[in-house]
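Topology and contacts: notes
Now for the letters of each chain:
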Amino acid sequence: MSHILKLEDISVSFGGIHALQGVNLQLDHGSIHALIGPNGAGKTTLVSVLSGELRPNGGVVHFDGRNVNGLSTHERARLGLTRTYQITALFQHIAVWENILLSLKARDTPKVSVMQLLRAHAERHYAGELAEVLKDFGLEEKAGALPSALSHGDRRRLELAMAIISNPSILLLDEPLAGLSTSDAAELVALIRKRLKGDVPILLIEHDMDAVFDLADEITVLVDGRVLMTGTPEEVRNSAEVQAAYLSEEDDF
Ligand SMILES: Nc1ncnc2c1ncn2[C@@H]1O[C@H](COP(=O)(O)OP(=O)(O)OP(=O)(O)O)[C@@H](O)[C@H]1O
């Protein structure tokens, strides 16, 4: 399968700490690739390298066949190389449905005419799609609420809806399930599966092993800044090396 994202020999040091050492990772079109590892393994550092917040001491980030090392965070965000929950910062003073409407409009700008983007026209133009998104993401009853009034689970659903609507070429989901109850996490996983599997490639950073093994096509295990292994969920689950280094310590595995 061809790749959309490729990290080649990435190294990052903070003074004497080697946060990443010679990391290689490839995200294929249409696949979900999970990045797991114990605390301090380097997962956050790697996402910061992708988003351009951190410049690596060595190595190259390729996106869609192009070396993007020289691009700013802003330029990378336009390509989709940013933490999902940073792109989709919610507008706090407008209702849930208006946030979704804005995402729909942003997706279509500048293809849609100014007339269609005017509020009254936009509401009519997007009525069907808006209703479908609210239903699919379980937000129908919250449509009129302000984001600040939503539960943590509903907020995450809204953020995910907005990220998906924007038609991204790639999604970096950085701990999407953090802070969610088991039932909320399960619902969000079902939603991610339904909406995205086989469509948008996803790099998933997640501590919830049930979700990782449920969703991922491929898993990279990072330990102490190095890739311990990359393989299918089955291969990772059965690896004695991974068990010894990481998974045996996880209560939820
Ligand atoms: N800005 C920084 N300055 C110094 N050291 C840092 C900095 N950021 C990260 N580190 C160190 O780099 C290593 C990797 O950290 P990182 O946060 O990337 O791990 P992580 O896998 O995301 O951990 P967690 O699962 O706890 O979020 C750790 O040893 C950490 O202490």
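Residues numbered from 1 in each chain as written. Predicted model: local features only at pLDDT ≥ 70, side-chain atom pairs only at ≥ 80, totals over all residues. Heavy atoms only, no water.

**Quick word on the packing of aromatic side chains**
Here the distance between the centres and the angle between the planes together describe a pair of aromatic rings. Put simply, the rule reads: Here a Phe, Tyr or Trp ring, Trp counted by its six-membered ring, pairs with any other such ring whose centre lies within 6.5 Å, and the pair is stacked when the planes are under 30 degrees apart, edge-to-face when over 60, and tilted otherwise. Either the NZ atom of lysine or the CZ atom of arginine qualifies as a charge over a ring when it sits within 6 Å of the ring centre and within 35 degrees of the ring normal.
Following the criterion strictly, the structure yields zero aromatic pairs and no others. In this structure, Arg 237 is placed above the aromatic ring of Phe 213, and the distance from its NZ or CZ to the ring centre is 4.4 Å.

**Quick look at the domain arrangement of the protein**
The cut-off we apply is this: Domain delimitation in this document rests on an assignment produced automatically or drawn from a domain database. We call two residues in contact whenever any of their non-hydrogen atoms come within 4.5 Å of each other. By buried area we mean how much accessible surface two parts lose on assembly, using a 1.4 Å probe and totalling the loss over both. The rule for a salt bridge is simple: a side-chain nitrogen of Lys or Arg has to be within 4 Å of a carboxyl oxygen of Asp or Glu. Think of a polar contact as two N or O atoms within 3.5 Å of one another; within protein, one of them needs to be a possible hydrogen donor and the other a possible acceptor, and neighboring residues in sequence only count if both atoms come from side chains. The helix count covers DSSP runs of H or I at least four residues long, the strand count covers runs of E at least two residues long, and both are numbered beginning at the N terminus. Just so you know the grouping, Ala, Val, Leu, Ile, Met, Phe, Trp, Tyr, Cys and Pro go in nonpolar, Asp, Glu, Lys and Arg go in charged, and all remaining residues, Gly too, go in polar.
Splitting the protein by domain gives domain 1 (1-80 + 168-252) and domain 2 (88-167). Each of domain 1 and domain 2 has a C-alpha centre, and the two are 28 Å apart. Counting residues at the interface gives 18 residues for domain 1 and 12 residues for domain 2. Across the interface of domain 1 and domain 2, roughly 1,300 Å² is buried in total on both sides, 62% from carbon and sulfur atoms. Summed over the three residues of domain 1 that lose the most area to domain 2, namely Pro 168, Leu 191 and Arg 195, the buried surface amounts to 43% of that side. Remark: the boundary between domain 1 and domain 2 carries one salt bridge. With a closest N to O distance of 2.9 Å, Glu 187 and Arg 157 form a salt bridge. Counting across the domain 1 and domain 2 interface gives four residue pairs in polar contact (both at pLDDT 80 or more). Counting only elements with at least two residues in the side of domain 1 that touches domain 2, the list comes to β6 (171-174) and α9 (182-196). A per-class count over the side of domain 1 that touches domain 2 returns 11 nonpolar, two polar and five charged.

**Observations regarding the sheet that holds strand β5 (residues 66-67)**
Applicable threshold: We treat two strands as partners when DSSP finds at least two bridges between them. Fitting a line to C-alpha atoms yields each axis, with helices limited to the stretch in contact; the angle taken between N-to-C directions then spans 0 to 180 degrees.
On the basis of which strands lie adjacent, the open sheet formed by four strands has the order β2-β1-β4-β5 and antiparallel pairing. Edge positions in the sheet fall to β2 (17-28) and β5, since each has one partner strand and no second. Of the strand pairs in this sheet, strand β1 (residues 3-14) and β2 are connected by eight bridges, and their pairing is antiparallel. Along β2, the bridge assignment pairs Ser 13 with His 18. Sheet contacts for helix α1 (residues 43-51): β1, β2 and β4 (58-63); angle to β1, the most-contacted strand, approximately 115 degrees.

**Observations concerning the environment of Glu 218**
Relative to the elements of secondary structure, Glu 218 occurs in strand β8 (residues 218-223). Considered as a pair, Glu 218 and Thr 230 are 12 residues apart in the sequence and their alpha carbons are 7.0 Å apart. In contact with Glu 218, other than residues within four places in its own chain, are Gln 26, Asp 28, Ile 32, His 33, Ala 34, Thr 230, Gly 231 and Pro 233. In this structure the side chain of Glu 218 is engaged in a polar contact, spanning 3.4 Å, whose partner is the side chain of His 33.

**A closer look at α9**
Here is the rule we go by: To estimate the expected span of a helix, subtract one from its residue number and multiply by 1.5 Å. Partly exposed residues are those whose accessible area sits between 20% and 50% of the maximum for their type, while under 20% is buried and over 50% is exposed, using a 1.4 Å probe and protein chains only. For this quantity, the arc is that covered by the directions from the helix axis to the C-beta atoms.
Its 15 residues give α9 an end-to-end C-alpha distance of 21 Å, which sits within 8% of 21 Å, the value for a rise of 1.5 Å per residue. For α9, the full list of buried residues reads Ala 185, Leu 188, Val 189, Leu 191, Ile 192 and Leu 196. One side of α9 holds all its buried residues, which, seen down the axis, span an arc of 160 degrees. Opposite the packed face of α9, turned more than 90 degrees from it, sit the exposed residues Thr 182 and Lys 194. Buried residues belonging to α9 abut α7 (127-136), α8 (152-165), β6, β7 (202-205) and α10 (209-215).

**Observations regarding the pattern of salt bridges**
Under the criterion given, the structure shown has seven salt bridges. For Arg 107, the salt bridge goes to Asp 108, with nearest N and O atoms at 2.9 Å. For Arg 107, a relative accessible area of 21% corresponds to the partly exposed category. For Asp 108, a relative accessible area of 10% gives the class buried. The salt bridge involving Glu 129 is made with Arg 107; its shortest N-O contact spans 2.7 Å. Of the two residues, Glu 129 is situated in helix α7 and Arg 107 in helix α4 (residues 96-108); the sequence distance between them amounts to 22 residues.

**Concerning the site of the ligand**
Put simply, the test is: Whether a residue is near a molecule or strand depends on its heavy atoms: it is near if one of them lies within 4 Å of it. Throughout, the Shrake-Rupley method with a 1.4 Å probe supplies accessible areas, and for residues the shown protein chains are the sole cover considered.
Within the structure, the ligand sits among Phe 14, Ile 17, Ala 19, Pro 38, Asn 39, Gly 40, Ala 41, Gly 42, Lys 43, Thr 44, Thr 45 and His 207. In this structure, Gly 40 approaches the ligand through a main-chain N or O atom, which is 2.8 Å from an oxygen atom. A distance of 2.5 Å is found between an oxygen atom of the ligand and a side-chain nitrogen or oxygen belonging to Thr 45. Protein burial of the ligand: of its 630 Å² of free accessible surface, 60% is covered by the chains. Going through the elements one at a time, β2 and α1 are the ones with two or more residues in the shell around the ligand. Here the shell around the ligand takes three residues from α1, the largest share from any one element.

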